[in-house]
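One-letter residues, chain by chain:
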Amino acid sequence: MKKGVLRPGHIQLRVLDLEAALRHYTKVLGLIEMDRDDQGRVYLKGWTEVEKFSVILCQAEEPGADFMGFKVVDESALLQLERDLVAHGVEVEHLPAGELKDCGRRIRFGSPSGHRFELYADKRYTGKWGIDNVNPEAWPLGLEGMKAMRFDHCLFFGDQLEETLALFVDVLGFFLTEQVVDADGNRLAQFLSLATKAHDIAFIHYPEKGRLHHVSFLLDNWQEVLYAADLLSITDTSIDISPTRHGLTHGQTTYFFDPSGNRNEAFCEGNYVYPDHQPVTWTADQLGKAIFYHDKTIKEAFVSVVT
């Protein structure tokens, strides 16, 4: 396993109405607006995140995700990862420092699944929002909505899962934590991590390339997930799945949509992993339980509605 990629860093989401989306992500999810740029993009973060932003909203004609970025340890790691990507046959695009506000240079590349990803080494360090780094309080005053702690992971839908797995494991240094396989041993879903989280990114097989299933935000505990669902009802936010538990990862979760139709997840807890753990396998005949552990039934829209 190669070293260098630390964690998810940011996601750029396309939205149909920027101000409606901003109200959703700040007043409902509880992210904090940090900045705007001359392209009209809005930069947000969760209160525990130490870099300036993790979510970028941009006005567009179709919803979805433009790209997901990962932080790497330093510039030398970024250079080596670029060499490794090229050696793997991946075309790399260079984006200069400042193209994203207060972010250093990035390298962008596509995955066989049809998604775009990027790596960066530098972004302005702002520290946790409302919390000092010396003698810190437990949490800051002034948080809104669900008080989302951080942007945590994404689930993407696309094809060529085996080739995508090879890119993320062999080149970027992720490891497989959980999977769903059919009766013939073909992998239908793959969950990948960089450290001890149940997953930092996941892919499910889908006939179309480049689709976003959901972007996920961490809450503190199960009571906060229940509170989040109450808030969704109070604000008439479109709820996809009421609070429940996953079989995959065992996370406790609720799903809902932003005003543009991008699916969000608010979740807590879940399995911990280390790189020496063997992947957990779910069989396709138990897919209902794998996704929704309690009622063991998959809502059709949950696997068909993507952006």
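The present account deals with the structure reproduced in this document.

1. Let's talk about the sheet that holds strand β10 (residues 175–181)
Move 1: Read from one edge of the open sheet, nine strands run β14-β15-β16-β13-β9-β12-β11-β10-β17, paired in mixed fashion. Strands with a single pairing partner mark the edges of an open sheet, and in this sheet they are β14 (239–245) and β17 (280–283). Taken over all neighbouring pairs, the strand axes of this sheet differ in orientation by 15° on average, direction set aside.
Move 2: Bridging between strand β15 (residues 252–257) and strand β16 (residues 263–268) involves six bridges; their strand directions are antiparallel. Residue Phe-257 lies in a different strand from β16, and its bridge partner there is Arg-263.
Move 3: Helix α4 (residues 222–234) contacts β14, β15 and β16 of the sheet and is inclined by roughly 20° relative to β15.

2. Section: the pattern of salt bridges
Move 1: On inspection of all chains with the given rule, the structure shows 25 salt bridges.
Move 2: The salt bridge partner of Lys-71 is Glu-51, with a shortest N-O separation of 2.6 Å. Remark: Glu-51 occurs in the loop between β3 (42–45) and β4 (55–59) and Lys-71 occurs in strand β5 (residues 64–72); sequence separation between them is 20 residues.

3. Some words on the sheet that holds strand β6 (residues 92–95)
Move 1: One open sheet accounts for eight strands, arranged β2-β3-β4-β1-β5-β8-β7-β6; its pairing is mixed. In the strand order of this sheet, the two ends are held by β2 (32–36) and β6, each with one partner. Mean inter-strand twist for the sheet, computed between neighbouring axes without regard to direction, equals 25°.
Move 2: The pairing of β2 with β3 spans four bridges and is antiparallel. Paired with Asp-35 across the bridge in β3 is Tyr-43.

4. Looking at the pairing of strand β11 (residues 187–193)
Move 1: With six of seven residues buried, β11 lies mostly within the body of the structure.
Move 2: Pairing of β10 with β11 involves six bridges; the strand directions are antiparallel. Across the sheet, Leu-176 pairs through a bridge with Leu-192, a residue of β11.
Move 3: Hairpin remark: β10 followed by β11, antiparallel, with five residues in the connecting loop; positive phi at Gly-185, about 85°.
Move 4: When β11 meets strand β12 (residues 201–205), the two strands line up antiparallel, connected through four bridges. From the neighbouring strand, Ala-189 faces β12, where its bridge partner is Ile-204.

5. Description of the environment of Ala-195
Move 1: Mapped onto the elements, Ala-195 comes out in the loop between β11 and β12.
Move 2: In this structure Ala-195 touches Phe-175, Asp-200, Val-273, Tyr-274 and Pro-275, once residues within four positions along its chain are discounted.

6. Quick notes on the packing of aromatic side chains
Move 1: Applying the stated rule across the entire model yields 17 aromatic pairs.
Move 2: Between Phe-117 and Phe-168, the ring centres sit 5.1 Å apart and the planes meet at 85°, which makes this aromatic pair edge-to-face. Of this pair, Phe-117 sits in strand β8 (residues 116–120) while Phe-168 sits in helix α3 (residues 161–171); the two residues are 51 residues apart in sequence, bridging distant segments of the chain. Both residues of the pair, Phe-117 and Phe-168, count as buried.
Move 3: Feature note: the residues Phe-70, Phe-109, Phe-117, Phe-156, Phe-168, Phe-174 and Phe-203 constitute an aromatic cluster, connected by ring pairs.
Move 4: Its guanidinium or amino end placed over the ring of Phe-67, Arg-108 lies 4.3 Å from that ring's centre, counting from NZ or CZ.
Move 5: One cation-aromatic arrangement involves Lys-123 over Phe-53; the distance from NZ or CZ to the ring centre is 4.0 Å.

Calculation rules
- Residues numbered from 1 in each chain as written.
- Predicted model: local features only at pLDDT ≥ 70, side-chain atom pairs only at ≥ 80, totals over all residues.
- Heavy atoms only, no water.
- Pairing = 2+ DSSP bridges.
- Helix = DSSP H or I, 4+ residues; strand = E, 2+ residues; numbered from the N terminus.
- Axes fitted to C-alpha atoms, helices over the stretch in contact; angles between N-to-C directions.
- Contact = heavy atoms within 4.5 Å.
- Salt bridge = Lys/Arg side-chain N within 4 Å of Asp/Glu carboxyl O.
- Buried < 20%, exposed > 50% of the residue type's maximum accessible area, 1.4 Å probe, protein only.
- Phe/Tyr/Trp six-rings, centres within 6.5 Å; stacked < 30°, edge-to-face > 60°.
- Lys NZ or Arg CZ within 6 Å of the ring centre and 35° of its normal.

The quantities given are spatial measurements derived from coordinates; they are silent on function.
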